[in-house]
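Results of the structural survey
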Amino acid sequence: MSRLHVTTSVNGVAHEVLCDPGQTLLELLRDELGLIGTKEGCGTGDCGACTVTLDDRLVCSCLVLAPEAEGRRIGTIEGVAGPEGLHVVQRKFLELAALQCGVCTPGLIVAAKSLLERIPDPDESTIRYWLAGNLCRCTGYDKVVRAVQAAALEMNPSEDRVFCQASTRSQEPRQ
Amino acid sequence: MSAFEFAAPTRLGPALDLLSSCAESGRRTQILAGGTDVIVQMRTSDREPRLLLDVKRLPETRQLSIGSEDIFVGAAIPSAELNENPRLASLLPGLMESADLIGSTQIQGRASIGGNLCNASPAGDTIPALIANSAQCEIAGARGTRQVAAADFVVGVGKSCLKRDELLLGFRVKRPSKGFGDAYLRFIPRTEMDIAVAGVAVSMELDEAGVCRDSRIAIGAVAERCLLVRRAGERLIGTSVEDSDLGKAGAECSASARPISDKRGTAEYRRKIIAVLCRRAGRIAHGRALASLEGAEI
């Protein structure tokens with residue numbers, strides 16, 4: 001079976017790679033490009049460990065085929081920290097001990113950063129719904145939520161802080 | 001994983017040609033939209049070699065238009081994109097909440113309503129909402145396009161009416177007028193990210209006096225496919241949608257359900273809660289219809 005030539009941008013860097021038609025974006029990142037910060041958990045889109053952005057939208061990279069990345073912009077955990085150091089979300093995860101074994105952490109940080117870019121001051125319920133696709137078996141999530149709240153506060157300081165909720169997510173428990 | 005081939009045409013003509021030539025030569029194809037079902041199947045239950053035809057680069061499947069008469073939603077638009085559209089959410093709140101119930105943020109970044117329909121699960125959450133809204137599916141094939149009602153699109157567990165050389169472009173619904181409301185409710189044992197044990201979509205239209213002049217009710221996860229329960233909607237027509245009317249509609253849903261017992265619930269339980277869900281979803285749809293009557297033109 002012929003390999004496919006894929007041109008894609010990962011964290012702002014253009015890459016040309018050959019991939020198998022059935023290979024996933026996760027495999028492309030880890031096995032072809034050596035970007036092993038993105039983790040494989042379940043491989044079926046349930047756990048969120050492989051979370052990346054595809055044209056600035058959160059996706060599970062295990063549920064994207066490598067050839068689908070043609071001409072797209074990919075963002076991974078390796079692109080979160082800037083030249084000046086760690087991103088606020090990363091710093092708050094460290095300061096507030098929002099990780100233990102660390103396998104879910106890259107996915108959680110990519111997802112939390114994306115949340116704060118869309119909703120700068122999310123309330124707790126919005127944070128929990130947004131991150132519901134990132135499973136963590138260590139922390140119990142509480143410290144993760146605190147870290148995201150602390151990052152939001154630092155990124156968007158405000159005296160009379162009104163935490164807002166995402167427009168489409170209901171606050172009522174779902175039936 | 002090298003048993004697969006991949007193509008992502010950017011124009012409909014070549015996509016249909018590819019489907020036709022594969023159909024003629026007996027080569028297996030599978031349409032790929034968001035991949036949240038297809039890629040899982042590729043890696044677990046169905047590794048058979050096939051051509052994956054990515055339809056996301058076709059302009060037709062990514063088109064969203066809200067016209068004065070009708071609304072067209074491209075089959076491959078990810079639900080996250082649809083849910084961010086405030087006009088769509090105010091026009092078709094029930095359909096949009098059915099899409100918003102499916103999966104995590106990451107899954108919604110890929111999963112589409114068209115994919116949910118084509119996956120043809122008995123428990124697909126958007127399918128009852130499409131049926132209740134009388135959605136017409138636009139299907140393209142070598143011999144032109146055809147329209148199929150959402151209620152007839154799924155023909156069995158995992159089976160749709162699509163022929164091997166056809167693909168779903170999107171669906172069209174009538175633009176709701178004043179006095180319209182719809183709602184979707186499902187039951188799952190947790191609050192998020194699960195598969196429906198039972199689900200009900202209700203749409204209704206009230207006249208100026210608040211009397212229901214049209215209603216359609218569809219049920220999911222209680223039969224081999226989602227069903228339109230025509231008689232349930234008829235129980236509301238001509239009434240002012242009192243609790244007793246919704247109770248009669250719920251009883252029709254129970255009567256039309258033909259559920260199985262599985263790990264999610266027994267047949268008896270499903271038949272019972274489908275009536276409860278119908279009453280509750282009907283109450284929500286009614287509230288929205290009343291608000292629409294009182295509010296400005298949408």
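Treat the numbers as computed from the prediction; the structure is a model and nothing was measured.

Helices and strands together make up the secondary structure of chain B, namely twelve helices and 14 strands. For 298 residues, the compact-globule estimate of 2.2 N^0.38 gives 19 Å, and the C-alpha radius of gyration of chain B, at 19 Å, lies within 12% of that figure. Taken along its principal axes, the extent of the C-alpha atoms in chain B is 60 × 45 × 35 Å. Here chain B holds 298 residues, and 53% of them are scored as buried. For chain B, the share of sequence-separated contacts (at least 6 apart) that also reach a separation of at least 24 residues comes to 66%.

Let us look at the overall build of chain A. When its secondary structure is counted, chain A shows five helices and five strands. Of all intrachain contacts in chain A linking residues separated by at least 6 positions in sequence, the fraction that spans at least 24 positions is 61%.

The subject of this paragraph is the pairing of strand β3 (residues 50–54) of chain B. All names here are of chain B. Note that strand β1 (residues 4–7) and β3 share four bridges and pair parallel. Counterpart to F4 in the pairing with β3 is R50. Handedness of the crossover joining strand β2 (residues 29–32) and β3 through helix α2 (residues 38–43) is recorded here as right-handed.

The next subject is the sheet that holds strand β7 (residues 144–149) of chain B. All names here are of chain B. Pairing is antiparallel across the open sheet formed by five strands, whose spatial order is β4-β5-β10-β6-β7. Each of the sheet's edge strands pairs with one partner strand only, and the pair in question is β4 (64–66) and β7. Averaged over neighbouring strand pairs, the angle between their axes works out to 25° when direction is ignored. Pairing of strand β6 (residues 136–141) with β7, which is carried by six bridges, proceeds in the antiparallel orientation. Counterpart to C137 in the pairing with β7 is V148.

A separate point is the domain arrangement of chain B. Here the domain parsing of chain B yields domain 1 (4–54), domain 2 (59–174) and domain 3 (188–294). Its C-alpha centre places domain 1 of chain B at a distance of 36 Å from the equivalent point of domain 3 of chain B.

This part covers the pairing of strand β10 (residues 166–174) of chain B. All names here are of chain B. For β10, a buried count of seven out of nine residues is recorded, marking the element as mostly surrounded by other parts of the structure. With five bridges connecting them, strand β5 (residues 70–74) and β10 associate as antiparallel partners. Each bridged residue has a counterpart across the sheet, and for F72 the counterpart in β10 is R172. Inspection of the sheet shows β6 paired to β10 by six bridges, in the antiparallel sense. Paired with A140 across the bridge in β10 is L167.

In this section: unusual backbone geometry. A positive phi is found at D56 of chain A, a non-glycine position, where the angle reads about 70°. Looking at D56 of chain A, the number of C-beta atoms within 10 Å reads 11, which means it is exposed.

Time to look at the interface of chain A and chain B. Where interface size is quoted, it is often the accessible area lost as the parts come together. Contact residues are listed per partner, giving 28 residues for chain A and 33 residues for chain B. Its residues assigned to classes, the side of chain A that touches chain B shows 14 nonpolar, ten polar and four charged.

In this section: the environment of N156 of chain A. Residues and elements named next belong to chain A. Looking at the element boundaries, N156 is found in the segment after α5 (142–155). Taking the C-beta count within 10 Å as the criterion, N156 has 12 such neighbours and is therefore assigned exposed. Distance in space between the C-alpha atoms of N156 and T76 is 23 Å, their sequence separation being 80 residues. Leave out the neighbours within four places in its chain, and N156 touches P120 and D121.

To continue, consider the sheet that holds strand β3 (residues 51–54) of chain A. All names here are of chain A. Pairing is mixed across the open sheet formed by five strands, whose spatial order is β2-β1-β5-β3-β4. Each edge of the open sheet carries a strand with a single partner, namely β2 (13–19) and β4 (57–60). Looking at each pair of strands side by side, their axes are set apart by 40° on average, direction ignored. Of the strand pairs in this sheet, strand β1 (residues 4–10) and strand β5 (residues 73–75) are connected by two bridges, and their pairing is parallel. Bridge assignment links S9 to a residue of β5, and that residue is R73. Lying over the sheet, helix α3 (residues 105–118) contacts β3 and β4, oriented at roughly 40° with respect to β3.

What follows concerns the domain arrangement of chain A. All names here are of chain A. One can read the domain layout of chain A as domain 1 (4–79) and domain 2 (88–155). Between the C-alpha centres of domain 1 and domain 2 there is a distance of 21 Å. Each partner contributes to the interface: domain 1 provides 13 residues, whereas domain 2 provides eleven residues. Considering every element that reaches the side of domain 1 that touches domain 2, the biggest residue donor is β3, with three residues.

So, about the packing of helix α2 (residues 88–95) of chain A against α3 of chain A. Residue and element names in this part refer to chain A. Interaxial distance between α2 and α3 falls to 9 Å at its minimum, and their mutual angle equals 130°. As summarised for this structure, α2 and α3 are arranged oblique, according to the angle between their axes. By crossing handedness, the relation of α2 to α3 is classed as right-handed. Listed contacts from α3 to V89, Q90 and F93 of α2 are T105, I109, A112, K113 and L116.

Here we come to the confidence of the model for chain A. Overall, the predicted model of chain A reaches an average pLDDT of 92, with 90% of residues at or above 70. In this model, residues 167–175 of chain A is a region of pLDDT below 50 whose contacts with residues beyond four sequence positions or in other chains number 15 contacts.

Most of helix α5 (residues 93–100) of chain B is tucked away: eight of the eight residues are buried. Those residues of α5 of chain B that fall on the buried side of the exposure criterion are P93, G94, L95, M96, E97, S98, A99 and D100 of chain B.

Cut-off values and rules
- Residues numbered from 1 in each chain as written.
- Chains lettered and ligands numbered in written order.
- Predicted model: local features only at pLDDT ≥ 70, side-chain atom pairs only at ≥ 80, totals over all residues.
- Helix = DSSP H or I, 4+ residues; strand = E, 2+ residues; numbered from the N terminus.
- Rg over C-alpha atoms; globule rule 2.2 N^0.38 Å.
- Buried ≥ 20, exposed ≤ 12 C-beta atoms within 10 Å, placed from the backbone.
- Contact = placed C-beta atoms within 7 Å.
- Pairing = 2+ DSSP bridges.
- Right-handed = clockwise from strand over helix to strand, strands pointing away.
- Axes fitted to C-alpha atoms, helices over the stretch in contact; angles between N-to-C directions.
- Domains from an automatic or database assignment.
- Nonpolar A, V, L, I, M, F, W, Y, C, P; charged D, E, K, R; others polar.
- Parallel < 35°, antiparallel > 145°, perpendicular 65-115°, else oblique.
- Left-handed = near helix turned anticlockwise from the far one by under 90°.
- pLDDT = per-residue confidence, 0-100.

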